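Chain and residue survey
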Amino acid sequence: MSAAVPAEGEVRDLSVEMPPARGRRRRWTSYILPVYSWLVLIYLLIPIAFMVIYSFNQSHSRLPQVNYKWEGFTTKWYQQWNGIPGLGDAFFLSIKLALATTIVAAIVGTLLALALVKYRFRGKGGVEQTMFTNIAAPEIVLGASLLGFFITLNVDRGFVTLLLAHVMFSIAYVTITVRARLSGYDLNVEWAAQDLGATPWVTFWKVTLPLIYPGIMAGALLAFALSIDDFVTSSFVAGNSTTFPLWVYAAVRVGIPPQVFVLGTVIFTAGVIVAAMNLVSQGRRKRQEEAARKKANEPDESVVDVEAEFNVGVR
Amino acid sequence: MTDEPVIDPSLLRGLTQSRFTRRDLFRYAGAAGGALGISAILAACGTKGIATGSAASGKPNANMGTAAWWAQQSEHKVLDFDNWPYYMDIGPNNSHPSLDEFTKKTGIKVNYTENIQDNPSYWTQHILPQLRAGQSQGHDIIVLTNNDYPLGYMLNFGWAIPLDHSAMPNFDKYASKLVTNPSWDPGNTYTMAWQSGYTLIAYNTKYVKGPINSVDVLWDPQYKGKIGMFGNASELGCVGLLALGKDPATSTPDDWTAAAAKLQEQKPLVRSYYDQDYIKALKAEDTWISMAWSGDIFQAGLQGYDTLQVAIPQEGVMFWTDNMLMPYTASNPKDAMVYMDYVYDPKVQAVIEDYNNYVCPVPSSKGIIATDLHDPAVANSPLVFPNSQMIAASKNYYQWKDAQDLKTWNDTFIPIFQ
Amino acid sequence: MERHVHPDLPVEPDEPPRRSRRRFQPAPYLLGAPAILWLAILFIVPLFTMLSLSLQTCDPNTYACTMTWNFGEFGNVISRYSDQLIRSIVYAGAATVIDLVIAFPLAYWIAFYGGRRKNFYLLMLLVPFFVSFVIRTTAWQFLLADQGPILGPLKSLHLLPQNYHVLATWIAVVAGMAYNYLPFTALPLYVALERIDRRVIEAAGDLYSNRTSVFMRVIFPLAIPGIFAAFLLTFVPAAGDFVNASILGGTNNTMIGNVIQQAFLVQNDYPAASALSAILMAAMLIGIFAYSKILGARTIEEYV
């Protein structure tokens with residue numbers, strides 16, 4: 001199973017896992033993985049495609065319901081996007097709530113992840129068990145217990161209680177994700193930075209944060225997805241306000257109006273735009289770095305991501 | 001580097017090493033002690049009960065609803081009304097025309113919300129925790145159905161404000177007999193109907209040859225795998241009782257056991273026990289024959305699904321009513337009374353009825369819908385304005401005597417679909 | 001100063017802390033305070049209050065509950081709902097295994113070959129899940145209908161028997177769960193794979209490993225903690241799921257989540273609902289514990 005010993009003078013190709021350099025013909029097997037991955041990503045999008053397509057479907061019934069039989073293309077639902085009472089408000093409430101949850105949960109969860117990885121302290125095990133239990137707890141129990149709690153304390157149910165509840169169930173996911181990112185790195189870089197004169201604050205901003213930034217983004221994304229789609233817990237603590245999932249779930253009884261598909265398409269498109277912007281900005285940054293490196297005449301390691309360099313600390 | 005070892009030494013060490021150190025012992029003992037301590041605190045907690053039964057003086061609404069009390073109430077020109085979705089007419093620009101008319105006529109501004117999705121969850125999330133703590137649940141009028149337990153609990157606990165019978169001229173004059181002095185609220189002490197409906201059988205004429213005369217069609221093996229039933233203990237139980245030829249309103253626990261056995265026989269033929277999305281399965285032709293609500297089938301017909309028809313079996317159809325009532329924490333009871341009676345004006349009801357197409361509580365609206373609103377389809381439908389055949393076939397739900405009775409019913413029927 | 005060592009290198013178990021040399025560090029408490037307080041006040045306290053209901057006896061007539069230390073409720077509930085408990089574990093397990101199999105190559109590809117497009121792919125992975133689950137499930141109901149756009153053509157081509165159906169079977173439930181929880185599997189796998197030191201792979205290549213060998217002996221073992229985390233983050237919520245069973249399932253597909261919903265909302269049987277929730281959570285925690293022992297992980301918490 002071992003590869004042949006390279007002959008005298010022959011340079012062994014070290015890039016076993018890297019894509020082959022340009023100009024060389026790729027083995028067909030190297031296409032399997034990308035094709036498979038794209039197929040999975042497309043499969044994830046199938047219901048979304050259905051939603052987008054049918055948001056353009058004509059419907060002649062006097063009731064505002066999605067028509068499951070294709071009857072013609074129309075953009076009128078986009079023009080009347082705010083035509084269903086309560087739906088627009090529910091939509092904006094959900095967006096506000098999800099953004100607020102993401103920001104708060106990302107900050108709080110990251111701080112906890114830092115504490116858990118860098119230090120050993122009394123109660124650490126308890127905190128970790130708590131996070132487990134948080135993920136394992138059925139949502140209906142979370143929701144019901146919170147409602148009882150808020151009523152006992154005579155707290156008015158509304159946006160504030162929704163935010164409190166959403167952050168509560170998001171923290172664990174953010175912490176776990178950031179921690180998974182953090183625990184692989186050699187944090188000697190931090191001490192190295194401080195040896196070089198950086199204050200703890202500067203160290204945090206210039207060294208630690210860029211290191212864990214992908215983990216924070218992944219955790220924040222998870223928190224956003226959890227919050228914008230939460231139904232069970234929200235149904236208990238929303239009080240008189242309605243979130244988008246609550247509204248849609250209630251409307252399913254008679255039939256959801258096409259505006260629901262319209263707003264769903266809007267959310268989806270916004271997400272795609274953010275992804276595309278990220279791609280463009282990454283590309284621009286990459287080109288700048290490549291240009292800088294070429295100027296400094298270093299060998300081009302384009303196959304290795306810049307961030308991977310931090311894997312081994314100071315190069 | 002050596003040749004590959006059979007087992008990696010670190011893995012071997014990991015598997016065989018003792019993991020339970022003294023520290024762990026202390027940690028777990030401490031946790032257990034802490035848990036016991038918390039539990040001891042919790043042991044002191046229980047939850048206080050709510051007064052029930054006929055001890056009227058103990059109920060929160062004991063001093064409410066008398067003529068003297070109503071005389072003291074005044075209009076605040078504001079009203080919080082919580083209802084089921086799609087029960088109020090929709091107009092251009094997000095408006096509810098009938099509510100705007102009401103505001104124009106009386107000056108009362110209506111905050112209309114649609115938080116009620118089903119009776120039990122609304123009870124558990126929006127009524128019980130708040131009202132037992134004496135806190136407002138946010139609304140002056142709510143709408144509960146008589147085919148489930150929350151309405152009974154509300155009335156039994158004294159959590160509804162008795163109506164002001166001197167302020168109900170429209171109701172007294174125009175309300176249909178079907179909703180006047182109903183079995184679930186004798187004398188309309190607390191409730192006025194919003195809309196009613198029928199639980200009956202719907203079938204797809206493409207696959208099922210009509211006419212259907214009996215609920216036994218739901219037990220027909222030739223439709224195996226294409227039958228839809230409700231995953232709701234009260235509705236399912238009633239169908240089982242009807243299949244045995246019993247009237248649910250007068251049934252006994254022995255009848256329930258027999259009905260449950262019959263429903264168990266049916267189980268291999270059933271495709272699924274649906275909630276409210278049974279209509280999607282019917283439309284998609286996943287089910288050919290199903291328990292259904294009258295309004296949904298009517299609206300499906302308007303949408304172009306003309307192969308879906310309703311069947312009125314000889315054993316009967318269940319007649320349910322969504323009722324308006326005022327929780328005792330309502331802050332605007334007088335405005336609520338004004339609205340509840342306003343809705344029984346035939347002209348007003350015609351507008352609302354034309355939109356939601358369930359069973360109208362005001363028979364006089366029929367003419368108005370046919371002529372002024374130019375909608376003979378709605379006006380002439382027996383599902384909206386019941387004819388004598390429908391009325392004769394209507395059956396009422398069983399009124400549970402107490403919580404134990406309800407528990408027996410639930411324990412009999414819930415295992416079928418759970 | 002704390003000693004921070006790369007967790008993948010074999011290390012002796014922790015030495016007990018030497019009290020005399022350890023000074024009190026406020027840093028972790030300050031950093032963790034917001035999260036710990038948040039969870040303590042809004043999660044632990046309400047949760048224990050709720051769970052204590054499992055030991056209480058409630059009068060359904062008056063909703064009065066008194067603490068009777070009724071441990072028998074647990075046995076009662078397990079015997080009544082053993083079917084659903086087992087079914088939940090089986091369905092959630094199946095969905096998790098499917099997700100792991102599907103997500104691993106995907107996470108691998110994004111981590112190793114994503115290059116600068118990694119974040120883009122991650123976003124594309126997650127964006128479908130910003131759209132409400134009701135919409136997604138409605139879409140699947142439409143797509144998987146007996147005569148719908150997928151089964152219809154297959155049936156008219158006689159590739160499937162006419163009465164074949166996917167909806168209202170366990171297949172639809174498991175497929176629905178696998179679909180809905182895929183990002184929870186893919187993200188931790190990605191995070192674990194992405195931080196594998198590339199130079200270790202280079203070193204393996206230097207030592208005459210071919211690609212298969214590199215994968216089986218270097219990459220996969222290093223990814224095991226990620227697989228563990230992915231398994232947890234998928235299996236645990238999936239076991240408590242009720243939406244897929246209620247919308248996509250048939251007559252014998254109800255899961256323990258549905259039972260808890262019913263017990264809570266419809267039957268108002270709080271002791272039973274709380275007991276079931278406690279059992280669900282305890283089963284998860286026990287299972288996690290046992291699984292981590294088998295894996296030989298240092299402490300289970302380190303790898304989640």
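For the structure itself, look to the data block above.
A brief structural summary. (Residues numbered from 1 in each chain as written. Chains lettered and ligands numbered in written order. Predicted model: local features only at pLDDT ≥ 70, side-chain atom pairs only at ≥ 80, totals over all residues. Heavy atoms only, no water.)

Our focus in this paragraph is the packing of aromatic side chains. According to the stated counting rule, one finds 69 aromatic pairs over all chains in the structure shown. Between the aromatic rings of Phe56 of chain A and Phe73 of chain A, the centroid separation amounts to 5.0 Å while the plane-to-plane angle is 10°, which identifies the pairing as stacked. Placement of the pair is Phe56 of chain A in the loop between helix 1 (32-54) and helix 2 (76-79) and Phe73 of chain A in the loop between helix 1 and helix 2, with a sequence separation of 17 residues. Classification of Phe73 of chain A as exposed rests on a relative accessible area of 57%. When the ring of Trp293 of chain B is compared with that of Trp320 of chain B, the centres are 6.5 Å apart and the planes differ by 75°; the resulting orientation is edge-to-face. (Phe/Tyr/Trp six-rings, centres within 6.5 Å; stacked < 30°, edge-to-face > 60°. Helix = DSSP H or I, 4+ residues; strand = E, 2+ residues; numbered from the N terminus. Buried < 20%, exposed > 50% of the residue type's maximum accessible area, 1.4 Å probe, protein only.)

Residue and element names in this part refer to chain B. Of all the 13 residues making up strand 4 (residues 192-204), 13 are buried; the element is thus mostly covered by neighbouring parts of the structure. Here seven bridges tie strand 4 to strand 9 (residues 317-325), and the two strands are oriented antiparallel to one another. Each residue of the ladder has a partner; that of Met192, found in strand 9, is Met324. As paired strands, strand 4 and strand 7 (residues 289-293) are joined by five bridges and run antiparallel to one another. Bridge pairing links Leu200 to Ala292 in strand 7. As defined by bridge partners, strand 4 adjoins strand 8 (residues 308-311) across four bridges and the pair is classed as antiparallel. Each bridged residue has a counterpart across the sheet, and for Ala202 the counterpart in strand 8 is Val310. (Pairing = 2+ DSSP bridges.)

All names here are of chain B. The topology assignment puts Pro327 in the loop between strand 9 and helix 12 (333-342). Pro327 sits in the buried class, given a relative accessible area of 0%. Taking the C-alpha atoms as reference, Pro327 lies 7.1 Å from Ile141; in sequence the two are 186 residues apart. Beyond its immediate stretch of four places on either side in the chain, Pro327 contacts Leu131, Gln137, His139, Asp140, Ile142, Met154, Trp159 and Ile161. (Contact = heavy atoms within 4.5 Å.)

All names here are of chain C. Applying the stated criterion across every chain, the model contains 10 cavities of 30 Å³ or more. Empty space within the largest cavity amounts to approximately 760 Å³. Of the residues forming the lining of the largest cavity, the biggest block, four residues, is contributed by helix 7 (residues 170-194). Here the residues of the lining of the largest cavity are counted per class, giving 24 nonpolar, seven polar and five charged. (1 Å grid on protein atoms, 1.4 Å probe; cavity = no way out; pocket = protein on both sides within 12 Å on 5 of 7 lines; lining within 4 Å. Points joined across faces, edges and corners; volume = space filled by probe spheres on them. Nonpolar A, V, L, I, M, F, W, Y, C, P; charged D, E, K, R; others polar.)

Close approach of charged atoms allows side chains of opposite charge to pair. Here the structure, examined in full by the defined rule, presents 12 salt bridges over all chains. The salt bridge partner of Asp229 of chain A is Arg136 of chain C, with a shortest N-O separation of 2.6 Å. Remark: Arg136 of chain C occurs in helix 5 (residues 133-143) and Asp229 of chain A occurs in the loop between helix 8 (200-228) and helix 9 (232-237); the pair is interchain, linking two chains. Residues Asp229 of chain A and Arg136 of chain C agree in their burial class; the two are buried. Of the charged contacts, one joins Glu285 of chain B and Lys206 of chain B as a salt bridge, the two residues approaching to 2.9 Å between their closest N and O atoms. Separated by 79 residues along the polypeptide, Glu285 of chain B in the loop between helix 10 (278-283) and strand 7 and Lys206 of chain B in the loop between strand 4 and strand 5 (227-230) bring together distant segments of the chain. Salt bridges sharing partners connect three or more residues here, namely Lys226, Arg271 and Asp286 of chain B together with Asp146 of chain C. (Salt bridge = Lys/Arg side-chain N within 4 Å of Asp/Glu carboxyl O.)

To continue, consider helix 10 (residues 244-251) of chain A. Because each turn of an α-helix spans 3.6 residues, side chains separated by three or four positions in sequence point in the same direction. Counting buried positions over the eight residues of helix 10 of chain A gives seven, a clear majority of the element. In this structure, the buried residues of helix 10 of chain A make contact with helix 3 (87-118), helix 8, helix 9 and helix 11 (258-295) of chain A together with helix 5 of chain C.

Turning our eyes to something else, we now look at the pairing of strand 7 of chain B. Residue and element names in this part refer to chain B. Most of strand 7 is tucked away, with five of its five residues classed as buried. Every second residue of strand 7 is oriented toward a common face, with Ile289, Met291 and Trp293 on one face and Ser290 and Ala292 on the other, all of them buried. Direction of pairing for strand 5 relative to strand 7: parallel, over a ladder of two bridges. Across the sheet, the residue bridging to Ile227 is Ile289, located in strand 7.

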